[in-house]
Amino acid sequence: QVQLVESGGGLVQAGGSLRLSCAASGRTFSWYAMGWFRQAPGKEREFVACISWNGGSTDYVDSVKGRFTISRDNAKNTVYLQMNSLKPEDTAVYYCAAAHSPIATNAARPADFHSWGQGTQVTVSS
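Break down the side chain of D90 for me, citing the residues and quoting the values.
Take D90: it is sitting in the loop between β8 (78–83) and β9 (92–99). Given a relative accessible area of 1%, D90 falls into the buried group. Only 3.0 Å separates the side chain of D90 from the side chain of R38, close enough to count as a polar contact. A distance of 2.8 Å separates a polar atom in the side chain of D90 from the backbone nitrogen of K87.

Laid out in C-alpha cells, this is it:
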C-alpha cells in the first residue's frame, strides 16, 4: 500500500492547460504501474491514463489521446498528468491510483488498483 496525494487541479478556460501531480509515500512506489482516473457528477469513475513501473509504456483513453501526457519520476515518488487543450467535458474529480501490477493498459479498471488519492477537482469553463 502507498499513500497518494493529488494536487494541481483548478478552474481553467477551454483550451487551457493544467498539470496534476500525485505524490506517493512509501518505498514501494516504483514497483507499481500508476493510473489516473476521473469521475464527473452522476457518472462512473473513468480510466484516463496509465504508466508502467519504469515509465517505459503509457496508455490513454481515446478521448484524451494527443492532449494529455502521463509521466512519473520515481526518484521523487511522483506521477504527473499534463493536460492540454482542455475541454468542458474534461471537468471531473481526478484521482491517481497505484496498480496491483507493474504494467497497466487502457483496459484497466478501478478494481485493478489498490491505493487511491483523495482526488483533485478540475473544472473547464466554456
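Give a description of the side chain of R72 that names residues and reports values.
With respect to the helices, strands and loops of the structure, R72 is situated in strand β7 (residues 68–73). Among buried Asp, Glu, Lys and Arg side chains, R72 stands out as unpaired, with D73 the closest opposite charge at 8.3 Å. Separated by 2.9 Å, the side chain of R72 and the backbone oxygen of S52 make a polar contact. Of the polar contacts made by the side chain of R72, one reaches the backbone oxygen of W53; its length is 3.4 Å. Setting aside residues up to four positions removed in sequence, R72 forms contacts with F29, S30, Y32, A33, M34, I51, S52, W53, G55, T78 and V79.

Now, about the nonpolar core: what can you tell me, with residues and values included?
Core analysis: the biggest nonpolar cluster contains 39 residues, and W36, V79, L81, M83 and Y94 have the highest contact counts within it. Looking at this core, the elements with two or more residues in it are β3 (18–25), β4 (34–39), β5 (46–51), β7, β8, β9 and β11 (120–125). By residue number, the principal contributor to this core is β9, which donates six residues. When near neighbours in sequence (up to four residues on either side) are disregarded, L81 contacts L18, R19, L20, W36, V48, A49, F68, T69, I70 and Y94.

What counts and how
Residues numbered from 1 in each chain as written. Predicted model: local features only at pLDDT ≥ 70, side-chain atom pairs only at ≥ 80, totals over all residues. Heavy atoms only, no water. Helix = DSSP H or I, 4+ residues; strand = E, 2+ residues; numbered from the N terminus. Buried < 20%, exposed > 50% of the residue type's maximum accessible area, 1.4 Å probe, protein only. Polar contact = N/O pair within 3.5 Å; in protein donor to acceptor, adjacent residues only side chain to side chain. Lys, Arg positive; Asp, Glu negative; His and termini not counted. Salt bridge = Lys/Arg side-chain N within 4 Å of Asp/Glu carboxyl O. Contact = heavy atoms within 4.5 Å. Core = buried A, V, L, I, M, F, W, Y, C linked by side-chain atoms within 4.5 Å.

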